[in-house]
Amino acid sequence: MRPHVREWDEAQGFPRALWTKLAALGLTGIQMAEEHGGAGMSAVGYCICIEELARVDPSISLSVAAHNGLCVSHLSMFGTPAQKATYLVPLAKGDTIGAWGLTEASAGSDAAAMRTTARRDGDGWVLNGNKQFITHGAIGDTLVVIAITDRAAGRHGISAFVLPRGTPGFRAGKKEDKLGMRASDTSEVILQDCRVPAEALLGAEGDGFVNTLQVLDAGRIGIAALAVGLAQGAYEAARRYALERRQFGQPLAWFQAIQWKLADMATRIEAARLLTYRAAWLRDQRAERTSIESSMAKLYSSEIAVRAADECVQIHGGYGFVKDYPAEKFFRDVKLCTIGEGTSEIQRLVIARQLLGR
Ligand SMILES: Cc1cc2nc3c(=O)[nH]c(=O)nc-3n(C[C@H](O)[C@H](O)[C@H](O)COP(=O)(O)OP(=O)(O)OC[C@H]3O[C@@H](n4cnc5c(N)ncnc54)[C@H](O)[C@@H]3O)c2cc1C
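Q: What's the story with the overall build of the chain in this structure? I'm lost.
A: Across its full length, the chain holds ten helices and ten strands. On C-alpha atoms alone, the chain measures out to a radius of gyration of 21 Å, which is about the 21 Å that the 2.2 N^0.38 rule sets for 358 residues. Projected onto the principal axes, the alpha-carbon positions of the chain cover approximately 80 × 45 × 40 Å. Each of the 358 residues in the chain was classed as buried or not, and the buried ones make up 56%. The contacts of the chain with a sequence gap of at least 6 include a subset with a gap of at least 24, amounting to 74%. Accessible surface for the chain amounts to roughly 15700 Å². Of this, 54% is attributable to carbon and sulfur atoms. Positive and negative side-chain charges in the chain, numbering 41 and 39 respectively, have mean positions lying 3 Å apart.

Q: Help me understand the environment of Gly 169, please; the structure alone is not making it clear to me.
A: By the secondary structure assignment, Gly 169 is in the loop between strand 5 (158-164) and strand 6 (170-175). Judged by its relative accessible area of 29%, Gly 169 is partly exposed. When the C-alpha atoms of Gly 169 and Leu 70 are compared, they prove to be 23 Å apart, with 99 residues separating the residues in sequence. Once you skip the residues sitting within four places of it in the chain, Gly 169 turns out to touch Ile 190, Leu 191, Gln 192 and Cys 194.

Q: Would you take a moment to explain the environment of Val 162 for this structure?
A: Following the sequence through the fold, Val 162 ends up in strand 5. Owing to a relative accessible area of 1%, Val 162 belongs among the buried residues under this scheme. Spatially, the C-alpha atom of Val 162 lies 31 Å from that of Arg 353, the residues being 191 residues apart in sequence. In contact with Val 162, other than residues within four places in its own chain, are Leu 75, Gln 83, Tyr 87, Thr 142, Leu 143, Val 144, Ala 200 and Leu 202.

Q: Honestly, the packing of helix 6 (residues 208-244) against helix 8 (residues 291-316) in this entry has me stumped. Any pointers?
A: A packed helix pair is summarised by two numbers, namely the angle formed by the two axes and the spacing between the axes. Orientation of helix 6 relative to helix 8, taken along the N-to-C sense of each, is 20°, at an axis distance of 8 Å. Considering the angle they form, helix 6 stands roughly parallel to helix 8. Both helix 6 and helix 8 take part in a crossing whose hand is left-handed. For the contact of helix 6 with helix 8, the per-class residue count stands at 18 nonpolar, six polar and three charged.

Q: How do you make sense of unusual backbone geometry when you look at a structure like this?
A: Most peptide bonds are trans, and most residues other than glycine sit at a negative phi. A positive phi angle, near 70°, is found at His 136, a position not held by glycine. Within the secondary structure, His 136 sits in the loop between strand 3 (124-135) and strand 4 (142-148). The buried category is assigned to His 136, whose relative accessible area is 0%. With a phi angle near 45°, Asp 193 is a residue other than glycine that sits in the positive phi range. Within the secondary structure layout, Asp 193 lies in strand 7 (residues 186-197). On the basis of relative accessible area, Asp 193 is assigned to the exposed category, the value being 53%.

Q: What is the right way to look at the nonpolar core in this model?
A: If you look at soluble globular proteins, the nonpolar side chains tend to sit buried side by side. Ranked by size, the top nonpolar core spans 57 residues in total, and within it Leu 22, Ile 50, Ile 60, Val 64, Leu 226 and Leu 262 carry the most contacts. Counting only elements with at least two residues in this core, the list comes to helix 2 (16-24), helix 3 (43-56), helix 4 (58-78), helix 6, helix 7 (256-284), helix 8 and helix 9 (327-333). With 15 residues, the single largest contributor to this core is helix 6. Not counting the four nearest positions on each side in its chain, Leu 262 is found in contact with Tyr 235, Ala 238, Arg 239, Ala 242 and Ile 315.

Q: I tried to follow the site of the ligand on my own but got confused; where do I start?
A: Not every one of the 17 residues close to the ligand is listed here, only the nearest: Thr 103, Ser 109, Phe 133, Thr 343 and Glu 345. In this structure, Thr 343 approaches the ligand through a side-chain N or O atom, which is 2.6 Å from an oxygen atom. Within the complex, the protein chains bury 64% of what would otherwise be the 970 Å² of accessible surface of the ligand. Mapped by element, the contributors of at least two residues to the shell around the ligand are strand 1 (98-101), strand 3 and helix 10 (344-356). Ranked by the residues each element gives to the shell around the ligand, the list is headed by strand 3, at three residues. Residue composition of the shell around the ligand, by class: seven nonpolar, seven polar and three charged.

Q: For this particular structure, what's the right way to read the side chain of Glu 341?
A: Counting through the fold element by element, Glu 341 comes out in the loop between helix 9 and helix 10. No salt bridge is formed by the buried Glu 341; its nearest oppositely charged neighbour, Arg 220, is found at 5.6 Å. Not counting the four nearest positions on each side in its chain, Glu 341 is found in contact with Leu 70, Leu 216, Gly 219, Arg 220, Ile 223, Lys 298 and Gln 347.

Q: Help me out: how do you make sense of the pattern of salt bridges in this one?
A: Side-chain pairs of opposite charge can arise whenever the charged atoms involved come near each other. Inspection of every chain in the model, using the stated rule, returns 21 salt bridges. The shortest N-O distance in the salt bridge between Glu 176 and Lys 174 comes to 3.1 Å. Across the pair Arg 348 and Glu 303 runs a salt bridge, and its minimum N-O distance is 2.9 Å. A residue pair is termed long-range when its members are at least 10 positions apart, and Arg 348 in helix 10 and Glu 303 in helix 8 qualify at 45 residues. Here Arg 348 falls in the partly exposed class, since its relative accessible area comes to 43%. In the salt-bridge network here, residues are joined through shared partners; they are Asp 9, Asp 177, Arg 182, Lys 323, Glu 328 and Arg 332.

Parameters and conventions
- Residues numbered from 1 in each chain as written.
- Predicted model: local features only at pLDDT ≥ 70, side-chain atom pairs only at ≥ 80, totals over all residues.
- Heavy atoms only, no water.
- Helix = DSSP H or I, 4+ residues; strand = E, 2+ residues; numbered from the N terminus.
- Rg over C-alpha atoms; globule rule 2.2 N^0.38 Å.
- Buried < 20%, exposed > 50% of the residue type's maximum accessible area, 1.4 Å probe, protein only.
- Contact = heavy atoms within 4.5 Å.
- Areas by Shrake-Rupley, 256 points an atom, 1.4 Å probe, with all protein chains shown as cover.
- Lys, Arg positive; Asp, Glu negative; His and termini not counted.
- Charge placed at Lys NZ, Arg CZ, Asp CG, Glu CD.
- Axes fitted to C-alpha atoms, helices over the stretch in contact; angles between N-to-C directions.
- Parallel < 35°, antiparallel > 145°, perpendicular 65-115°, else oblique.
- Left-handed = near helix turned anticlockwise from the far one by under 90°.
- Nonpolar A, V, L, I, M, F, W, Y, C, P; charged D, E, K, R; others polar.
- Core = buried A, V, L, I, M, F, W, Y, C linked by side-chain atoms within 4.5 Å.
- Near = heavy atom within 4 Å.
- Polar contact = N/O pair within 3.5 Å; in protein donor to acceptor, adjacent residues only side chain to side chain.
- Salt bridge = Lys/Arg side-chain N within 4 Å of Asp/Glu carboxyl O.

The structure is reproduced here in structure tokens:
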């Protein structure tokens, strides 16, 4: 990927041809069982894949994480055998790309305040509403979407649906022009009188919100791994540059102020990696919920990654501010880590609720 990183960032389009190559490496169905076309890796293995991609191109890593950690994960946790055969196998094999729509313009952190509805119509459902900031909203072939099926039931009146692109009434809206993660497609999804059959219901009716929280428990570990990988990439770029660049007759790396920056970066990255692998390892041990561990890993990793990207630019001086070096891209991409799949504030809220038993 490395020779194309800048080109993809500037074009602001997902390199679809790369998907086939990622699929050949098993990266489109990382944790899927081999019988479903996947690579059958563990949660820890999943983290290492996401981390290694992010070390080179965080936006490709984000696409792989959203596909695997949201769309594929929701289908694999709650799909019927028929849904798995229809959607999961082509997703895992990389024949299709997955999207997952929860967020709306007025329902971000407060996702339960969504307005998208699914109304029963004969033996099917009719979906209406707009989803905002959806990874692969424009290019995804399979969409998992969360909608209200019974407003009076609050959080227990929300359900999930799965539908293919091409379903009448399902189209992409505005494509976002982003600060970073530009090679990853982020678009609005519009559902207008979109009729889906009864078999499109994913999981039990009314379980959509609770199931979403379970999907996010796992998904957040992926964003933590992305942040660790990005921080590692930034650290490596900073270390390399500090050894090459000379000022005052010696490499920057011989100045103690620069050494301390590198030492702090490396130490924080190692701590973030351990928190992330621990959360993933617990999932591999079949832990029922890992909310606190996932949120701690996501919170800490994304915040130290922001600091690592900042220090990387600082160590590069003026060269960190221009596009000839990877520093400025890490600096732009990293901010997504403290926002996507729950902001840092929301992670603190989840952690505090668990600590206080509320
Ligand atoms: C590149 C990108 C890709 C994305 N991909 C997807 C996707 O594939 N699918 C999907 O469904 N969504 C996706 N999202 C949406 C993302 O999950 C939301 O942006 C995120 O959850 C925050 O919601 P918001 O943007 O509406 O911010 P808001 O919820 O409006 O928050 C704004 C600020 O207020 C703070 N805040 C909100 N509530 C509280 C509170 N109770 N206490 C303290 N502070 C609070 C927040 O932390 C934040 O700092 C994506 C976003 C981006 C940018």
